[in-house]
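Structural overview for review
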Amino acid sequence: MVGLTTALSAITGYDQAAGYAIPVDETFRRIVETLKQGREVEYGFLGIQPKNLTPDEILNGKHGAKVASEVHGGTPAKSAGLEYDDIITHIGDDPIHNADGLRLLVGRLPPSQPVRLTFERKGRILTTTASLAKFAWHGKRPRIVTVFPPDWRGLQVDYPSAALGLNRSDYPIELASPSSK
């Protein structure tokens, strides 16, 4: 497979047919393989609120996404040493151009994936490594999972590296709950 067809315009007599497809990459293959096994697809979580750089910063030649608020304890970002106002410029060898690009690159990686972060702090370029956690979905969503992780003493633990000490209004992470299969 090289792509997933998303649209095909073919109205006879009006337009010439044009097909569009999303190219298949490693992330796509990982998601399809996980779904084929009946397991939940998990996405990486760094634990920061990114924001775009100001137009002046971009005109001065900077690129990346700025850490917009305090970095909470227990998150991969805190463990990696990131701080408020750091500008993340690269994840691995991939450059970051804005906040959406940062979310996309982190989200396509699986939890527990170690990533090399290059960032700027007060004019200095620094590098660190973070081990991603699992992104927690907000609110209720339908589950299409057919293979559930095993319970542990009547509890279902969603992800073993769940962050402790977070304000639940900032990050509604479910640390452990009664099994609800």
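Residues numbered from 1 in each chain as written. Predicted model: local features only at pLDDT ≥ 70, side-chain atom pairs only at ≥ 80, totals over all residues. Heavy atoms only, no water.

This brings us to the overall build of the chain. A count of helices and strands for the chain gives four helices and 12 strands. Classification of the 181 residues of the chain by burial places 32% in the buried group. Look at the contacts in the chain between residues 6 or more apart in sequence, and 52% of them connect residues 24 or more apart. Just so you have it, the chain exposes about 11900 Å², and 55% of that area is on carbon and sulfur atoms. (Helix = DSSP H or I, 4+ residues; strand = E, 2+ residues; numbered from the N terminus. Buried < 20%, exposed > 50% of the residue type's maximum accessible area, 1.4 Å probe, protein only. Contact = heavy atoms within 4.5 Å. Areas by Shrake-Rupley, 256 points an atom, 1.4 Å probe, with all protein chains shown as cover.)

Moving on, we get to the pairing of strand β8 (residues 114-121). Counting buried positions along β8 yields six of eight residues, so the element is predominantly enclosed. As paired strands, strand β6 (residues 87-91) and β8 are joined by four bridges and run antiparallel to one another. Bridging from a neighbouring strand, histidine 90 pairs with threonine 118 of β8. (Pairing = 2+ DSSP bridges.)

Considering all chains together, one arrives at 11 salt bridges under this definition. The partner of glutamate 57 in a salt bridge is lysine 66, with the nearest N and O atoms 2.7 Å apart. Of the two residues examined, glutamate 57 and lysine 66, each falls in the buried class. Residues lysine 62 and glutamate 120 are paired through a salt bridge, measuring 3.1 Å at the closest nitrogen-oxygen approach. Remark: glutamate 120 occurs in strand β8 and lysine 62 occurs in the loop between α2 (55-59) and β5 (65-67); sequence separation between them is 58 residues. Accessibility expressed as a relative area gives 31% for lysine 62, which makes it partly exposed. The class of glutamate 120 is buried, set by a relative accessible area of 14%. A network of salt bridges, in which partner residues are shared, links Glu40, Glu42 and Lys134. (Salt bridge = Lys/Arg side-chain N within 4 Å of Asp/Glu carboxyl O.)

In this section: the side chain of threonine 89. Position of threonine 89 relative to the elements: it lies in strand β6. On the basis of relative accessibility, which here comes to 7%, the residue threonine 89 falls in the buried class.

Here we take up the confidence of the model for the chain. Scored by pLDDT, the chain has a mean of 78; 70% of the residues are at 70 or more. Per-residue pLDDT, averaged within each element of the chain, yields its smallest value for strand β12 (residues 177-178) (40) and its largest for β6 (96). Note on residues 162-181: pLDDT is under 50 here. Beyond four places in sequence and across chains, it has 38 contacts. (pLDDT = per-residue confidence, 0-100.)

Along helix α4 (residues 99-107), the residues classified as buried are Ala99, Leu102, Leu105, Val106 and Gly107. N-capping of α4 is provided by asparagine 98, with a side-chain oxygen placed 3.3 Å from the backbone N of aspartate 100. (Polar contact = N/O pair within 3.5 Å; in protein donor to acceptor, adjacent residues only side chain to side chain.)

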